Amino acid sequence: MANIKSQIKRNKQNEVARERNKAVRSEVRTRMKNAVAAVGSENEETALRAAVKRIDKAAAKGVIHKNQAANKKSGLMKRLNALKAQA
């Protein structure tokens, strides 16, 4: 445990940020899962839009790297297109 006052504060800030980032990453995964599940339904467009928006927002806030965001969007599009081709 840190003895220095500034480090104690920094540790608290890091913990808060870690929890926030964890929630954002979790929501990104959930939105992507919902987009895949919505393929072929009437709210397919809305689910995809929400997933892409959440990924972009996470990258803008610095929760994930911009290249990781691009990779996630690319992978999501490939997966959705493959599912559409199967159906």
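That block above? That's the structure.
The shown structure was predicted, so the numbers you read here are calculated from the model rather than taken from an experiment.

A.B. asks: Please explain the overall build of the chain as it appears in this structure.
C.D. replies: Scanning the chain from terminus to terminus reveals three helices and zero strands. Starting at the N terminus, the α and β elements of the chain follow one another as α-α-α. The dimensions of the chain, computed from C-alpha atoms along their principal axes, are 60 × 20 × 20 Å. The 87 residues of the chain split such that 21% are buried. When contacts within the chain are restricted to residue pairs at least 6 apart in sequence, long-range pairs at least 24 apart make up 52% of them.

A.B. asks: Is there a simple way to explain the nonpolar core in this structure?
C.D. replies: If you look at soluble globular proteins, the nonpolar side chains tend to sit buried side by side. If you look at the biggest cluster of nonpolar residues, it comprises 17 residues, and the most contacted ones within it are Ile55, Ile64 and Leu76. For this core, the elements supplying multiple residues, two or more each, are helix H1 (5-37), helix H2 (44-61) and helix H3 (66-86). Sort the elements by how many residues they give to this core and H2 lands first, with seven residues. Those residues in contact with isoleucine 64, other than ones at most four positions away along the chain, are Arg25, Ile55, Ala58, Ala59, Ala69 and Lys72.

A.B. asks: What is the right way to read H3 from this model?
C.D. replies: Residues that lie three or four places apart on an α-helix share one face, since the helix turns once every 3.6 residues. For H3, built from 21 residues, the straight-helix expectation of 30 Å at 1.5 Å per residue is met to within 8% by its first-to-last C-alpha distance of 30 Å. Taken together, the buried positions of H3 are occupied by Ala69, Leu76 and Leu80. Relative to the axis of H3, the buried residues are bounded by an arc of 30° and lie together on one face. Those residues of H3 that are exposed and aimed more than 90 degrees away from the buried face are Asn71, Lys78, Ala85 and Gln86. Taken together, the buried residues of H3 touch H1 and H2.

A.B. asks: It is not clear to me how H1 should be interpreted in this structure. Could you clarify?
C.D. replies: Over its 33 residues, H1 extends 49 Å from the first C-alpha to the last, a length consistent with the 48 Å expected when each residue adds 1.5 Å. Those residues of H1 that are buried lie in contact with H2 and H3.

A.B. asks: Teacher, can you tell me more about the environment of leucine 80 here?
C.D. replies: Relative to the elements of secondary structure, leucine 80 occurs in helix H3. Between the C-alpha atoms of leucine 80 and glutamate 19, which are 61 residues apart in sequence, the distance is 30 Å. Setting aside its immediate chain neighbours within four residues, leucine 80 contacts Ala35, Val36, Val39 and Leu48.

Here is what the cut-offs are and how they apply
Residues numbered from 1 in each chain as written. Predicted model: local features only at pLDDT ≥ 70, side-chain atom pairs only at ≥ 80, totals over all residues. Heavy atoms only, no water. Helix = DSSP H or I, 4+ residues; strand = E, 2+ residues; numbered from the N terminus. Buried < 20%, exposed > 50% of the residue type's maximum accessible area, 1.4 Å probe, protein only. Contact = heavy atoms within 4.5 Å. Core = buried A, V, L, I, M, F, W, Y, C linked by side-chain atoms within 4.5 Å. Expected span 1.5 Å × (residues − 1). Arc of directions from axis to C-beta.

As far as function goes, none of this settles anything; it's purely spatial.
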